[in-house]
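Read off the chains here:
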Amino acid sequence: MRIYLDYNATAPAAPEVQDAVARAMREDFGNPSSVHAFGQQAKAALDEARGQVAALIGADPAEIVFTSGGTESDNFAIRGAFETLAPAGSRRIVTTGIEHEAVLNTVKALAARGADVVTVPAGRDGVVDIEALTAAITPETALVSLMLANNEVGTIQPVDVIAAQCRQHGALLHTDAVQAVGKIPVSVRALGVDLLAMSAHKFSGPKGVGAIWIRRGVRLISQATGGRQERNRRGGTENVPAIAGMGVASRLAREALSGGHLDAMRVLRDRLEAGVLETIEGTVVNGAADGRVPNTTNISFDGIEAESLLIALDLEGVAVSTGSACSSGTLEPSHVLKAMGLPQAFARNSLRFSLGPSTTAAEIAFVLDVLPRLVSKLRRLGRTAAALRP
Amino acid sequence: MRVVVAMSGGVDSSVAAGLLAEAGHDVVGLSMQLYDQRASPEAFGSCCSLDDLQDARRVALALGFPHYILNFEREFRATVVDRFVSEYASGRTPIPCVQCNSDLKFQTLAERAEGFGAAAVATGHYARVVFDEDGRRYRLLRGVDADKDQSYFLFSLTQDQLAHALFPVGHLSKADVRAHATRLGLGVAGKPDSHEICFIPDGDTAGFVERQLPVADRSGDIVDSSGRVVGQHRGVHRLTIGQRKGLGLSTGTPMYVLKLDPAESRVTVGPRDELGRRDLTASQVNWIAGAPPPGPRPLTARIRHRHHDAPATVTPDGGTNACVEFASPQMAITPGQAVVFYDGEECVGGGWID
């Protein structure tokens, strides 16, 4: 039996999505920019998907720009905002230490080009220090980038709280909503943001496709110049099959959210969490219990090297992860847990379990069966090894 | 039986894994990431580089067993690199492979392996391990391929470590190993052998030591055996016992490094015949049988990897040291290198040359 509990890394494409991608490749092969019937048909597929994606986040379809995924969307938002506003003197970028690397490394790159970057920490609850964040937003601020849901611990950030202040100072507000879209209801209007990044494969869509929502009226210097696709915002022939798949995934996500289909996932997540805390000593859940996406739990195992536990679980057929993986696929200490001010050990002994819509009660029961055994074995070996060392 | 194979991405460990998988074992490949692969141009590493780790991954995929890359950066720095640098700085010529084997592969990795339910740890070393029914103990033997034999690097293994060690290519020649790699369809079949010191691929050991341990001025005098200054050097870490080239001396006869004195930053040189020595003291001696022999023992001893072991009498001092007396003078006995003892085909132990 193979059990997949790493949906925050990626989710398998839903069967309807697979069909939509295959159908688009087969039937809508035209270039959406072409004048002829083939082009028009592809354009229609694009527009349908655009409408579906917009509906998922309460947006106007004209505000959606398709990209290659969350990372490109974040880059577009951050670089585009900085390049647009910096010449007028707004050189500050405010972000948080718990952002995804797509944001952190982009901001770092801009710091080398003269951006005044302020990185605000989070509390142990996994929520950004809102006072520090508010204090950092000045009239010279070009952009505030605050994720909507954290990828490692699942905590939802108070994005809407800072919207008014951003507007007042003329700063654009960007949210990396990659881990939120499809897991919780997301409304761009209610959030009050200007820019929002999303990625299809995190909610059962295809990989290599995502979108950035750009509030109507927001100017953003294009980061991919070329043809006039996507209202002149992103050049390059559109990835029609993947976009069609993203459209279908968006429709399915919207149906699941409005139909309460994700409640079962939350119940299983809570069962897993409670089971671990109850049966395994020295475990603690990272991040606030409330205000999380319903599929994620991040647990520290005292006295355990997360890397070893992850491999031991994989050999039992259970796929989980820690937050960060580096270039070779090995683990490095989680920057998120560090930014939350957790002790160094936590950054090395924590595992992330992220469930999906198809996770079953039997799978969670299996995990709760093997996990205590593996943990106690690894702890015993760890203690023996420590005792034997000179 | 579940067996963990330490895979470097090279042909030897790949074939080791392949042979075990073929024999029906439940193989789990583990590779150690030893350095930060994304580091600056300063980045070091040739063995276990990102490409090598991917080679190991491809072998595992081709043979159909799971493979994981473990982050051993902290452990590698602490147990291997730091010690390597400080040894050089103190005028010794270390061999980091021994610590890497004993502390990383057969200690840390073995601990992890047990956690994964593995009964043994296999590597691609050219060495053999056999169980001696009479003596009720494990014996470490040279690899069958005399030219590739790597038992020298394994002298510090204990009975417990040998009990869980497998060397699947130890009974093969290098040519056989490459033939097996080809037969198994492994892409690494033609891959060249790795360098002696994996984390210094450009071979510039002195530059590496200087980057790791910056000191403003390491220069000093070169003297002959009588104490007469005959030249200047740019740091004892740039030299090793027996070295002739790069001294910048214009004496009539070729001069060799005889002694390195880091405290005085002084290098003693002399003609080749002064390079030979009959005896040495080995420290931190490991006797693979578990205990030292009761008295002086006639063995052969090897003073560096590329040295034909020479007849010697080894006398344990009752503690962890041993006195080694060769039958004939040996050239360039070098502090920091290992001296490894053999009884015929069997590697019986070894220690560090002081």
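Residues numbered from 1 in each chain as written. Chains lettered and ligands numbered in written order. Predicted model: local features only at pLDDT ≥ 70, side-chain atom pairs only at ≥ 80, totals over all residues.

### Regarding the overall build of chain A
Part 1 of the argument: On a plain count of helices and strands, chain A comes out with 14 helices and twelve strands.
Part 2 of the argument: C-alpha extents for chain A along the principal axes are approximately 70 × 50 × 35 Å.
Part 3 of the argument: For chain A, the residues scored as buried account for 53% of the 390 residues in total.
Part 4 of the argument: The contacts of chain A with a sequence gap of at least 6 include a subset with a gap of at least 24, amounting to 73%. (Helix = DSSP H or I, 4+ residues; strand = E, 2+ residues; numbered from the N terminus. Buried ≥ 20, exposed ≤ 12 C-beta atoms within 10 Å, placed from the backbone. Contact = placed C-beta atoms within 7 Å.)

### A look at the sheet that holds strand β8 (residues 210–214) of chain A
All names here are of chain A.
Part 1 of the argument: The strand order β2-β8-β7-β6-β5-β3-β4 describes an open sheet built from seven strands, whose pairing is mixed. Strand pairing shows two members of the sheet lacking a second neighbour, β2 (64–67) and β4 (116–120), which therefore form its edges. Ignoring strand direction, the axes of neighbouring strands in this sheet form an average angle of 20°.
Part 2 of the argument: In terms of strand pairing, strand β3 (residues 92–96) meets strand β5 (residues 141–145) through three bridges, oriented parallel. From the neighbouring strand, Ile 93 faces β5, where its bridge partner is Leu 143. (Pairing = 2+ DSSP bridges. Axes fitted to C-alpha atoms, helices over the stretch in contact; angles between N-to-C directions.)

### Considering the domain arrangement of chain A
Residue and element names in this part refer to chain A.
Part 1 of the argument: Per the domain assignment, the segments of chain A are domain 1 (3–10 + 260–388) and domain 2 (15–256).
Part 2 of the argument: With 24 residues of domain 1 in contact, the opposing surface of domain 2 contributes 25 residues.
Part 3 of the argument: The set of elements that each furnish at least two residues to the side of domain 1 that touches domain 2 consists of β10 (296–301) and α12 (335–339).
Part 4 of the argument: The element that contributes the greatest number of residues to the side of domain 1 that touches domain 2 is α12, accounting for three residues.
Part 5 of the argument: Residue composition of the side of domain 1 that touches domain 2, grouped by class: nine nonpolar, 13 polar and two charged. (Domains from an automatic or database assignment. Nonpolar A, V, L, I, M, F, W, Y, C, P; charged D, E, K, R; others polar.)

### Re unusual backbone geometry
Part 1 of the argument: Its identity is not glycine, yet Asn232(A) carries a phi of approximately 70°, on the positive side.
Part 2 of the argument: Tracing the backbone shows Asn232(A) in helix α8 (residues 229–232).
Part 3 of the argument: Positive phi outside glycine occurs at Arg136(B), with the angle close to 50°.
Part 4 of the argument: Mapped onto the fold, Arg136(B) is located in the loop between β5 (127–132) and β6 (137–142).

### As for the nonpolar core
Part 1 of the argument: Judged by nonpolar contacts, the single largest core of 226 residues is most densely connected at Phe82(A), Leu196(A), Ile212(A), Trp213(A), Leu309(A), Val5(B) and Val121(B).
Part 2 of the argument: The leading source of residues in this core is helix α9 (residues 240–258) of chain A, at nine residues.
Part 3 of the argument: Ignoring anything within four residues of it in the chain, the contact list for Val5(B) reads Ser13(B), Ala16(B), Ala17(B), Leu20(B), Val27(B), Gly29(B) and Ala122(B). (Core = buried A, V, L, I, M, F, W, Y, C linked by C-beta atoms within 7 Å.)

### So, the packing of helix α1 (residues 11–22) of chain B against helix α6 (residues 174–183) of chain B
All names here are of chain B.
Part 1 of the argument: Running from N to C, α1 and α6 point in directions that differ by 60°, and their axes come no closer than 9 Å. The angle between α1 and α6 places the two elements in the oblique class. As α1 packs across α6, the resulting crossing turns out to be left-handed. For the pair formed by α1 and α6, the contact residues are Val 11, Asp 12, Ser 14, Val 15, Gly 18 and Leu 19 on the first element and Val 177, Arg 178, His 180 and Ala 181 on the second.
Part 2 of the argument: By residue class, the composition of the contact of α1 with α6 is five nonpolar, three polar and two charged. (Parallel < 35°, antiparallel > 145°, perpendicular 65-115°, else oblique. Left-handed = near helix turned anticlockwise from the far one by under 90°.)

### With respect to the pairing of strand β12 (residues 276–287) of chain B
Residue and element names in this part refer to chain B.
Part 1 of the argument: Relative to strand β15 (residues 322–331), β12 runs antiparallel, the two being bridged by six bridges. Bridged to Asp 279 within β15 is Glu 325.
Part 2 of the argument: One ladder, built from four bridges, connects β12 with strand β17 (residues 346–353); its direction is antiparallel. Bridge pairing in β17 links Trp 287 to Gly 349.

### What to know about the packing of helix α1 (residues 15–27) of chain A against α9(A)
Residue and element names in this part refer to chain A.
Part 1 of the argument: Look at α1 against α9: their axes get within 8 Å of each other, and the N-to-C directions meet at 150°. The orientation of α1 relative to α9 falls into the category roughly antiparallel. Classified by chirality, the crossing of α9 by α1 is right-handed. Residues Glu 16, Val 17, Ala 20, Val 21, Ala 24 and Met 25 of α1 lie in contact with α9, whose contacting residues are Val 240, Pro 241, Ala 242, Ala 244, Gly 245, Val 248, Ala 249 and Leu 252.

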